[in-house]
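# Residue-level structural notes
One-letter residues, chain by chain:
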Amino acid sequence: MRSDGKLDYLELPSSGIPATRTFYEAAFGWVFQDYGPSYAAFDEGLNGGFDADSDGLQAPLPVLYAQDLDAMLARVEAAGGTIVKPVFDFPGGRRFHFRDPSGNELAVWSEGG
């Protein structure tokens, strides 16, 4: 069972999905699930994905889980986090992005609509 606030997914920027896939398949034997031409997900101990449309994000994006996304957004703001992408839908559910007081960008996601 997923728990609130636990690291659940790691998203990494990619300069091109075909080259990224080829490298990780050859080097480590990873298996991918494609979600369009610009996203490839993996499940290699920790679920994650490579995003070629990462909006300029140059660092890995840790993604936390929340059972109640709206309540978690309120908690993040109350704790001093800065919302950098408000809640949006994506193929697996909904999520938002925030920066912590040190400037690190993270995301929080929830299943469903």
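What comes next concerns the included structure. This one's a predicted model, so the numbers in the text were calculated from it and none came from an experiment.

Conventions used here
- Residues numbered from 1 in each chain as written.
- Predicted model: local features only at pLDDT ≥ 70, side-chain atom pairs only at ≥ 80, totals over all residues.
- Heavy atoms only, no water.
- Salt bridge = Lys/Arg side-chain N within 4 Å of Asp/Glu carboxyl O.
- Helix = DSSP H or I, 4+ residues; strand = E, 2+ residues; numbered from the N terminus.
- Buried < 20%, exposed > 50% of the residue type's maximum accessible area, 1.4 Å probe, protein only.
- Pairing = 2+ DSSP bridges.
- Axes fitted to C-alpha atoms, helices over the stretch in contact; angles between N-to-C directions.
- Contact = heavy atoms within 4.5 Å.
- Expected span 1.5 Å × (residues − 1).
- Arc of directions from axis to C-beta.

Attention now goes to the pattern of salt bridges. Using the criterion set out here, one finds 5 salt bridges in the structure. For the salt bridge of Arg 21 with Glu 25, the shortest nitrogen-to-oxygen distance reads 3.0 Å. Pair noted here: Arg 21 and Glu 25 are both in helix 1 (residues 17-28), with a separation of 4 residues, about one helical turn. Classification of Arg 21 as buried rests on a relative accessible area of 19%. In this structure, Arg 94 and Asp 70 form a salt bridge, with 3.3 Å as the shortest nitrogen-oxygen distance. In this pair, Arg 94 sits in strand 7 (residues 93-99) while Asp 70 sits in helix 2 (residues 69-78), placing the two residues 24 residues apart along the sequence. You can call Arg 94 buried: its relative accessible area is 18%. Residue classification places Asp 70 among the partly exposed positions, given a relative accessible area of 45%.

In spatial order, the strands read 2-3-4-1-5-8-7-6; together these 8 strands make up an open sheet with mixed pairing. In this open sheet, the two edge strands, each paired with only one partner strand, are strand 2 (32-34) and strand 6 (82-90). Taking the axes of each pair of neighbouring strands and ignoring which way they run, one obtains an average angle of 25° across the sheet. Taken together, the 3 bridges between strand 5 (residues 61-65) and strand 8 (residues 105-111) define a ladder with parallel strand orientation. Note on strand 8: the bridge partner recorded for Tyr 65 is Trp 109. On the sheet, helix 1 packs against strand 2, strand 3 (39-43) and strand 4 (47-51) and is oriented at approximately 165° with respect to strand 2.

On to helix 1. Counted at 1.5 Å a residue, the expected span for helix 1 with its 12 residues is 16 Å, and the 16 Å between its end C-alpha atoms agrees. Those residues of helix 1 lying buried are Ile 17, Thr 20 and Arg 21. Seen along its axis, helix 1 keeps its buried residues to an arc of 100°; they face one direction. Opposite the buried face of helix 1, at more than 90 degrees from it, the exposed residues are Pro 18, Ala 19 and Ala 26. At its buried positions, helix 1 is contacted by strand 2, strand 3 and strand 4. At the exit of helix 1 stands Gly 29, carrying a positive phi of roughly 75°.

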